[in-house]
Amino acid sequence: MAEQTRSGIALKPHYTRADVSCSEAPEAPEAPGAYPFTRGRLRPPQASPGWINRELSGEGDARRSNEQIKYLIGLGQMGVDVIGDSPTQSMIDPDHPLVRYSVGTQGVSLCHKQDYLDLLRDIPLENNSVSSSVPAVFALTGLLAVVEDRGLARDKVRGSVLQAPLYAEDCGYSSGMPFTLLNRLAVDTIEFAVEKLPRFHAYIEDTYFFSESGLNGVEEMALGFVEIRHLTRELIRRGVQVDSFAPRIAILVNCGMDFFEEIAKIRATRRFYARMMKEEFKALDPRSWSTVITCHTSGLTLTAQQTASNIVRGSIQGMALALAGVQAMEISAFDEAYRTPSDEAHRVALRTQQVLQLETGISKVDDPLGGSYYVEALTDQIEQRIASMVAEIEARGDAVTLAQQGFFRKLFADASQRHYRLVNSGERKVVGANCHRIPAEQDTLLRDIAEKKIEPWLSRISEVTAYRKARHRDGVSRSLRSLQRAAQDKAVNVLPEVFGALRAGATAGEMAGAMRLAYDHPYDPWGELRPEF
């Protein structure tokens, strides 16, 4: 049987120029930074080909996570990226009866304005972009609260939020929101940023989180493009000009262990995106054709066995990303199979990036593998397969309808089952897990660090309870009723009302509940709480 990539592309023993028949100019490929950007995105001539070093952080409450951010900046991190804990991701407040034992254990607990002020306290926003894996509507308004508190100009704000309305309920943290509301919040957020935040990336297509269900590279990017295309059409239908938002679209991709396929996937992604924006959506600004690619290495590939091997995996994945020419990178910490990153694991992951960037010479040349018969042929085939899968999905109907019918949920479930079947059978080799194993008593390297348990941040519950009692109740109630009315009016952008409610003292859970009610859904999908406004 012929060797294959993870996406099932059959491989030859060797490649020649004849295998690159699909490239537009195989003998003279385009220069890096030129359309269709296979070899690297558009950028100023003298800009460095390196990438932004970041590590995803967040643990406990906002004050604890602020310490983590400062620690990473002290190690040389070039920007801020935080992840919310599971209640935050699900738009549930930390004092909800169902979540007390998960508060702060998988990220930072954020639910009201003061949390965002504490999270970014003493972090110079003039020098650091702020990105977050937190529901976009709250991440953006929380950042605006910090900007307002400091008296900064909105047009200087840099950072990003993630958008995944089609997939979040199926393979992420369920918020109990209807797909139509999630879709609207995504469009509202992007439209608001176009008008108010010209330097902010309000649309990061996060293919990483649903790729972690076990999708291969082709499936990952095809689903990503289905969502990009859907939201682009929605924005254009609303009257937003494509060149006003397309230059600020970025894609957060996954990076697994199939080294050359991951490189080719990123090159194919840039090319597919460029052609789509120019030829189909008729964007005229060259910046609209060239998407930013950022990446987080795959947590799914990391093992609880022989934890030190995860450092090797992160290094290999980081090298693939460097060779592919990403704009920002985060390497999964070696203890990810057990916990959010420890200080030691954060440091190792960041140092891995810095060694790659400063010692190897990788970042001195754009697209060093460009012209490789193998890489060019693989890029062609991946692009073709992405295009074919996108067309197949779109032929089935409207993306929101497909989401409501469970079409994407089945894709994720099938991919997860496929991944574990391949690993459990040994067909996909994973060192330490299904081959080259050692007895548990010998598996001690870094184990003491990895197994440090994070206790639930139970103090947050009493803090939030006290916060509710101390605020101006009537003002909060008025703001939530105003938000509910705005959400009922489909022609209104709800972001200003969300920001108003946050400023008035409302919590994320209360705001989410008000918006659910506007869409005739339960205030609390879990049946534990009733609205108090």
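Thresholds applied
Residues numbered from 1 in each chain as written. Predicted model: local features only at pLDDT ≥ 70, side-chain atom pairs only at ≥ 80, totals over all residues. Heavy atoms only, no water. Helix = DSSP H or I, 4+ residues; strand = E, 2+ residues; numbered from the N terminus. Rg over C-alpha atoms; globule rule 2.2 N^0.38 Å. Buried < 20%, exposed > 50% of the residue type's maximum accessible area, 1.4 Å probe, protein only. Contact = heavy atoms within 4.5 Å. Areas by Shrake-Rupley, 256 points an atom, 1.4 Å probe, with all protein chains shown as cover. Lys, Arg positive; Asp, Glu negative; His and termini not counted. Charge placed at Lys NZ, Arg CZ, Asp CG, Glu CD. pLDDT = per-residue confidence, 0-100. Axes fitted to C-alpha atoms, helices over the stretch in contact; angles between N-to-C directions. Parallel < 35°, antiparallel > 145°, perpendicular 65-115°, else oblique. Left-handed = near helix turned anticlockwise from the far one by under 90°. Nonpolar A, V, L, I, M, F, W, Y, C, P; charged D, E, K, R; others polar. Arc of directions from axis to C-beta. Salt bridge = Lys/Arg side-chain N within 4 Å of Asp/Glu carboxyl O. Patch = residues over 30% accessible without salt bridge, like charges linked within 9 Å, V, L, I, M, F, W, Y side chains within 5 Å. Pairing = 2+ DSSP bridges. Phe/Tyr/Trp six-rings, centres within 6.5 Å; stacked < 30°, edge-to-face > 60°. Lys NZ or Arg CZ within 6 Å of the ring centre and 35° of its normal. Domains from an automatic or database assignment. Buried area = accessible area lost by both parts, 1.4 Å probe. Polar contact = N/O pair within 3.5 Å; in protein donor to acceptor, adjacent residues only side chain to side chain.

Caption draft 1: Structural detail: the overall build of the protein chain. Helices and strands together make up the secondary structure of the protein chain, namely 21 helices and 8 strands. Against the compact-globule benchmark of 24 Å for 533 residues, the protein chain has a radius of gyration of 23 Å, which places it among compact chains. Reported as C-alpha extents along the three principal axes, the dimensions of the protein chain are approximately 75 × 60 × 45 Å. Counting every position in the protein chain, which comprises 533 residues, the buried fraction comes to 58%. Summarising the internal contacts of the protein chain: among those between residues at least 6 apart in sequence, 78% fall at separations of at least 24. A total of about 21,700 Å² of accessible surface is found on the protein chain, and carbon and sulfur atoms cover 52% of it. Here the protein chain carries 62 positive and 69 negative side-chain charges, and the mean point of each set is 2 Å from the other.

Caption draft 2: Structural detail: the confidence of the model for the protein chain. The predicted model of the protein chain averages 94 in pLDDT, with 97% of residues at 70 or higher. With pLDDT under 50 throughout, residues 23–27 is counted as low confidence; its partners more than four residues away or in other chains account for 6 contacts.

Caption draft 3: Spotlight on the packing of helix α10 (residues 259–280) against helix α14 (residues 373–394). Where α10 meets α14, the axes come as close as 8 Å, and the angle between the chain directions of the two elements is 55°. Between α10 and α14, the crossing angle belongs to the class labelled oblique. Considering how the two elements wind past one another, α10 and α14 form a crossing that is right-handed. Between α10, through Phe 260, Glu 261, Ala 264, Lys 265, Arg 267, Ala 268, Arg 271, Phe 272 and Arg 275, and α14, the contact on the second element is made entirely by Tyr 374, Val 375, Glu 376, Leu 378, Thr 379, Asp 380, Ile 382, Glu 383, Ile 386, Ala 387 and Val 390. Within the contact of α10 with α14, the residues separate by chemical class into 11 nonpolar, 1 polar and 8 charged.

Caption draft 4: Structural context of helix α20 (residues 495–504). Looking at α20, one finds that the buried residues are Leu 495, Val 498, Phe 499, Ala 501 and Leu 502. All buried residues of α20 lie within an arc of 160° about the axis, which places them on one face of the element. In the stretch just after α20, Gly 505 is the one whose phi turns positive, near 115°.

Caption draft 5: Up close: the pattern of salt bridges. With the rule as written, the count across this model stands at 41 salt bridges. With a shortest N-O distance of 2.5 Å, Arg 238 and Asp 188 are connected by a salt bridge. Placement of the pair is Arg 238 in helix α8 (residues 217–238) and Asp 188 in helix α6 (residues 179–196), with a sequence separation of 50 residues. With a closest N to O distance of 2.7 Å, Lys 265 and Glu 262 form a salt bridge. Pair noted here: Lys 265 and Glu 262 are both in helix α10, with a separation of 3 residues, about one helical turn. Here Lys 265 matches Glu 262 in class, with each residue buried.

Caption draft 6: Inspection of a nonpolar patch on the surface at higher detail. Taken together, the side chains of Met 257, Val 312 and Ile 316 make up a nonpolar region of the molecular surface, amounting to roughly 230 Å² of accessible area. Mapped onto the fold, Ile 316 is located in helix α12 (residues 309–324). Take Ile 316: its relative accessible area is 32%, and that puts it in the partly exposed class.

Caption draft 7: Main features of the sheet that holds strand β3 (residues 130–133). Spatially, 8 strands are ordered β1-β8-β7-β6-β5-β4-β3-β2 in an open sheet, and the strand pairing comes out parallel. Because the sheet does not close on itself, it has two edges, and the strands there are β1 (52–53) and β2 (80–83). As paired elements, β3 and strand β4 (residues 159–163) share 3 bridges and run parallel to each other. Bridged to Ser 131 within β4 is Ser 160. On top of the sheet, helix α4 (residues 136–150) reaches β3, β4 and β5 (200–206); it is set at about 160° to β4, its chief contact.

Caption draft 8: Focus on the packing of aromatic side chains. Enumeration according to the criterion identifies 13 aromatic pairs in this entry. For the ring pair Tyr 35 and Trp 289, a centre distance of 5.5 Å and an interplane angle of 75° mean the geometry is edge-to-face. Linking Tyr 35 in the segment before β1 with Trp 289 in helix α11 (residues 286–289), this pair joins segments that are 254 residues apart in sequence. Classification of Tyr 35 by relative accessible area gives partly exposed; the value is 24%. Take Trp 289: its relative accessible area is 12%, and that puts it in the buried class. Plain terms: the ring middles of Phe 259 and Phe 260 are 5.2 Å apart, the flat faces sit at 90° to each other, and that makes the pair edge-to-face. Exposure remark for Phe 260: the relative accessible area of 33% places this residue in the partly exposed category. Taken together, the aromatic side chains of Tyr 167, Phe 209, Phe 210, Phe 407, Phe 408 and Phe 412 make up a single cluster linked through ring pairs. Sitting above the plane of the Tyr 101 ring, Arg 100 keeps its charged end 5.4 Å from the centroid.

Caption draft 9: Broad picture of the domain arrangement of the protein chain. Taken domain by domain, the protein chain comprises domain 1 (46–410 + 419–425) and domain 2 (471–518). When each unit is reduced to the centre of its C-alpha atoms, the spacing between domain 1 and domain 2 is 27 Å. Buried surface at the junction of domain 1 and domain 2, both sides included, amounts to about 1,900 Å², of which 65% is carbon and sulfur. The salt bridge partner of Glu 148 is Arg 503, with a shortest N-O separation of 3.1 Å. Between the two partners, domain 1 and domain 2, sit 12 residue pairs in polar contact (both at pLDDT 80 or more). Elements with a minimum of two residues in the side of domain 1 that touches domain 2: α4 and α6. Per-element accounting of the side of domain 1 that touches domain 2 gives the leading share, 8 residues, to α4. Grouping the amino acids of the side of domain 1 that touches domain 2 by side-chain chemistry returns 11 nonpolar, 7 polar and 8 charged.

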